[in-house]
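Residue strings, one per chain:
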Amino acid sequence: MTYIVLVAMAGVLLLQWIVAEPLTGVGGSMLIGLAVLAAVPAVGVHEAWVRRRGVLGWIVNIVVALAGALLFAPIGGFVVAILLSPFYGRTLAAEGGLVMSVALVAMTGVALASAWAALWILNRWRR
C-alpha cells in the first residue's frame, strides 16, 4: 500500500515538474485528476489481492475504491486548499512552485486515503 501512495505522489509531481500540465485552462486539472484516478483502482486491486477475493470481490473493491475517492477526495482537497491558503496569493495554480507541489501531494494522499477508508468500511460491513 505504501508503494502505491509513493508512486502516485511521485507521478503527480513528475507531471508537474516536466510541465506536462499547463497552469492555465482545464487541461492541467484534468491531467492531474486522471493521474490520481488511475492510482485509485490500484488500492482496490491491492486489497483484493491481499485478502484473496474472488472475481466479484475484485470488481466490488475497485468500484468501492473509486466511489470513495470520488465522494470524499473533493472534501479533502478543499481542506488542503484551506490549510495552504496562508502560503499563496490568488490561486494555487498561479502560485506554482513548492506550494503547488505540496498541494498536489496532499490531495493525492487524501484521494488514496479516502479510497482505502471506503474499503475499510466495506470490510467492516462484510464481517
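Whatever comes next refers back to the structure up there.
What comes next is a walk through the structure.

**What to know about the packing of helix H2 (residues 27–50) against helix H5 (residues 97–126)**
(1) Moving on: Packing of H2 against H5 brings their axes to within 10 Å, and their N-to-C directions diverge by 30°. One finds that H2 runs roughly parallel with respect to H5. Crossing geometry of H2 relative to H5 is assigned as right-handed. Of the residues in H5, those in contact with Ile-32, Val-36, Ala-39, Val-40, Val-43, Gly-44 and Glu-47 of H2 are Leu-104, Thr-108, Ala-111, Leu-112, Ala-115, Trp-116, Leu-119, Asn-123 and Arg-126.
(2) Moving on: Tallied by class, the residues present in the contact of H2 with H5 amount to eleven nonpolar, three polar and two charged.

**Here we look at the packing of helix H1 (residues 2–17) against H2**
(1) Moving on: One way to put it is that H1 packs onto H2 with a least axis distance of 10 Å and a crossing angle of 170°. The angle between H1 and H2 falls in the class roughly antiparallel. Taking contact as the criterion, the partners of Ile-4, Ala-8, Val-12 and Leu-15 in H1 are, on H2, Leu-31, Ile-32, Ala-35, Val-36, Ala-39, Ala-42, Val-43 and His-46.
(2) Moving on: Grouping the amino acids of the contact of H1 with H2 by side-chain chemistry returns eleven nonpolar, one polar and no charged.

**Quick word on the pattern of salt bridges**
(1) Moving on: In the structure shown here, the tally under the stated rule is two salt bridges.
(2) Moving on: Between Arg-51 and Glu-47 there is a salt bridge, with the nearest N and O atoms lying 2.9 Å from each other.
(3) Moving on: Among the ionic contacts, a cluster of salt bridges with common partners joins Glu-47, Arg-51 and Arg-53.

What counts, and at which threshold
Residues numbered from 1 in each chain as written. Predicted model: local features only at pLDDT ≥ 70, side-chain atom pairs only at ≥ 80, totals over all residues. Heavy atoms only, no water. Axes fitted to C-alpha atoms, helices over the stretch in contact; angles between N-to-C directions. Helix = DSSP H or I, 4+ residues; strand = E, 2+ residues; numbered from the N terminus. Parallel < 35°, antiparallel > 145°, perpendicular 65-115°, else oblique. Left-handed = near helix turned anticlockwise from the far one by under 90°. Contact = heavy atoms within 4.5 Å. Nonpolar A, V, L, I, M, F, W, Y, C, P; charged D, E, K, R; others polar. Salt bridge = Lys/Arg side-chain N within 4 Å of Asp/Glu carboxyl O.

Shape descriptors only; they carry no functional weight alone.
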